[in-house]
Amino acid sequence: MGKILIAPSILAADFANFGQEIQAIEAQGCDWVHVDVMDGHFVPNITFGPDMCKAIRPHIKTVMDVHLMIAPTDAYLKAFADAGSDYITIHVEAGPHLHRSLQLIRDLGCKVGVALNPSTPASSIEYVLDMIDLVCVMTVNPGFGGQKFIHSQIDKVKELRHMIGDRDILIEIDGGITPQTGPLMSAAGADVLVAGSAVFKGGSVDNPAPYGDNIRAIREASDAAI
Ligand code: DX5
Ligand code: ZN
């Protein structure tokens with residue numbers, strides 16, 4: 001059993017077949033299922049909302065990790081909690097009252113996540129560290145899968161690892177993760193690696209073995225670098 005958790009993003013799955021795609025990646029050994037919610041306003045792309053999350057929830061046996069790239073957030077948090085989210089992650093940049101929004105996620109009974117865009121400093125969450133279960137470091141600008149990994153975020157992960165100390169907070173990395181970039185982040189202190197294109201490439205629900213090969217390649221390279 002390795003140390004790094006692998007969370008495939010269904011942004012790279014077949015949108016007409018989420019149920020089977022999720023069953024396939026779980027059967028192939030992923031740890032979590034990462035769900036990218038985009039509103040066409042906070043980010044320049046639109047994906048899906050709480051009803052879709054609710055529809056896919058029965059297919060997820062592991063962990064439903066919901067990444068909200070929406071603004072504002074507060075009015076929608078209950079719907080995502082009711083949809084069965086385990087983690088709800090919101091962006092620091094999504095609204096003026098981060099503390100209030102994080103408290104709301106906690107009150108709804110979900111694990112609390114906060115995401116940082118590439119230009120957002122680690123210090124932006126210094127005063128909410130005791131409220132969160134997860135910090136998501138974006139290693140691409142949010143909005144699209146298949147973008148190039150931004151190397152400057154390695155130092156941010158090291159800084160966050162230091163800031164977190166012995167608190168029970170996971171560091172998640174999102175964007176451009178491959179068997180080459182995953183180890184850079186596990187070495188810097190990451191716990192969870194999100195990967196879309198690098199997990200789903202070459203496979204399908206009828207030919208899911210490549211999903212397993214891709215997950216193992218990221219996991220083994222990343223575990224080896226710890
Ligand atoms: C980007 C999303 C990511 C993305 C990762 O806005 O938050 O989860 O799908 O995709 P890849 O691994 O292809 O960069
Ligand atoms: Zn994401």
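Since we're looking at a predicted model, the values are computed, not measured. Each residue is numbered by its place in its chain's sequence as written, counting from 1. In the order they appear in the text, chains get letters beginning with A and ligands get numbers beginning with 1. Per-residue local features of the predicted model are confined to residues with pLDDT of at least 70, and side-chain atom pairs are confined, for both listing and counting, to 80 or more; whole-chain, interface and lining totals are unaffected and use all residues. Only hydrogens and water are removed before side-chain values are computed, so all heavy atoms of the structure are retained for them.

Would you take a moment to explain the environment of phenylalanine 200 for this structure?
Each helix is a run of DSSP H or I of at least 4 residues and each strand a run of E of at least 2, with the numbering of both proceeding from the N terminus. Looking at where phenylalanine 200 falls in the secondary structure, it is placed in helix H7 (residues 197-200). In sequence terms phenylalanine 200 and proline 8 are 192 residues apart; their C-alpha atoms lie 8.1 Å from each other. Throughout, a contact is declared for two residues whenever any of their heavy atoms are within 4.5 Å. Here phenylalanine 200 is in contact with Pro8, Ser9, Ile10, Ala12, Ala13, Glu21, Ile25, Tyr211 and Asn214, once residues within four sequence places are set aside.

Looking at this model, I keep getting lost on the coordination of the zinc ion (ligand 2). Mind explaining?
Reference values for angles at a metal are 109.5 degrees in the four-donor tetrahedral case and 90 or 180 degrees in the six-donor octahedral case. Sites may look incomplete because water is not among the atoms; the donors themselves are N, O and S atoms within 2.8 Å of the metal, or within 3.2 Å for Na, K and Ca. Protein coordination at the zinc ion (ligand 2): the donors are His34 (NE2), Asp36 (OD), His67 (ND1) and Asp174 (OD), at 2.0 to 2.3 Å from the metal. Around the zinc ion (ligand 2), the 6 donor atoms are arranged such that angles at the metal cover 68 to 169°; this shape is classified as octahedral. All donors of the zinc ion (ligand 2) come from a single chain, and their spacing in sequence reads H-x1-D-x30-H-x106-D. With a gap of 107 residues between them, histidine 67 in strand S3 (residues 64-69) and aspartate 174 in strand S7 (residues 170-174) connect regions that are remote in the sequence. Like aspartate 174, histidine 67 is buried. The geometry test gives tetrahedral to four donors whose angles all lie between 85 and 135 degrees, gives square planar to four donors and octahedral to six donors whose opposite members are over 155 degrees apart with all other angles between 65 and 115, and gives irregular to the rest. Note on exposure labels: buried denotes an accessible area under 20% of the residue type's maximum, exposed denotes more than 50%, and partly exposed covers the range between, all computed with a 1.4 Å probe on protein chains only.

Would you take a moment to explain the site of ligand 1 for this structure?
Near ligand 1 lie 20 residues; those nearest to it are Asp36, Gly146, Asp174, Gly196 and Ser197. At a separation of 2.8 Å, an oxygen atom of ligand 1 approaches a polar backbone atom of glycine 146. A distance of 2.7 Å is found between an oxygen atom of ligand 1 and a backbone nitrogen or oxygen belonging to glycine 196. Only the protein chains shown count as covering a residue, and every accessible area follows the Shrake-Rupley method with a 1.4 Å probe. The protein chains hide 99% of the 380 Å² of surface that ligand 1 would expose on its own. Ten residues, namely Ala, Val, Leu, Ile, Met, Phe, Trp, Tyr, Cys and Pro, are considered nonpolar, four, namely Asp, Glu, Lys and Arg, are considered charged, and the remaining ones, Gly among them, are considered polar. Classifying every residue of the shell around ligand 1 by side-chain character gives 8 nonpolar, 10 polar and 2 charged. Note on terminology: near, applied to a residue and a molecule or strand, indicates that one of the residue's heavy atoms is within 4 Å of it. Within 3.5 Å is the distance limit for a polar contact, defined as a pair of N or O atoms, with the added protein rule that one can donate a hydrogen and the other accept it, and that residues adjacent in sequence qualify only through two side-chain atoms.

I'm lost on the packing of aromatic side chains in this one. Help?
Any two aromatic rings considered together are summarised by their centre-to-centre distance and by the angle between their planes. Two rings belonging to Phe, Tyr or Trp (six-membered ring only in the last case) form a pair when the distance between their centres is within 6.5 Å. Interplanar angles under 30 degrees mark stacking, angles over 60 mark edge-to-face geometry, and anything in between is tilted. The tally for this structure, following the rule as stated, stands at 5 aromatic pairs. Between phenylalanine 15 and phenylalanine 48, the ring centres sit 5.9 Å apart and the planes meet at 50°, which makes this aromatic pair tilted. A residue pair is termed long-range when its members are at least 10 positions apart, and phenylalanine 15 in the loop between strand S1 (5-8) and helix H1 (18-27) and phenylalanine 48 in the loop between strand S2 (33-38) and helix H2 (50-56) qualify at 33 residues. The exposure class assigned to phenylalanine 15 is partly exposed, which follows from its relative accessible area of 40%. Cluster of aromatic residues (ring-pair linked, three or more members): Phe15, Phe18 and Phe48.

Sorry, what's going on with the pairing of S2 here?
Side-chain direction in a regular strand flips from residue to residue, so the side chains alternate between the two faces of the sheet. Within S2, 6 of the 6 residues are buried, leaving the element largely enclosed by the surrounding structure. Burial along S2 is two-sided: the face carrying Val33, Val35 and Val37 and the face carrying His34, Asp36 and Met38 are both buried.

For this particular structure, what's the right way to read the environment of phenylalanine 48?
Overall, phenylalanine 48 belongs to the buried group, its relative accessible area being 10%. Between the alpha carbons of phenylalanine 48 and leucine 184 there is a distance of 31 Å; along the sequence they are 136 residues apart. Dropping the residues within four chain positions of it, phenylalanine 48 is found in contact with Ile10, Phe15, Phe18, Val35, Asp36, Val37 and Met38.

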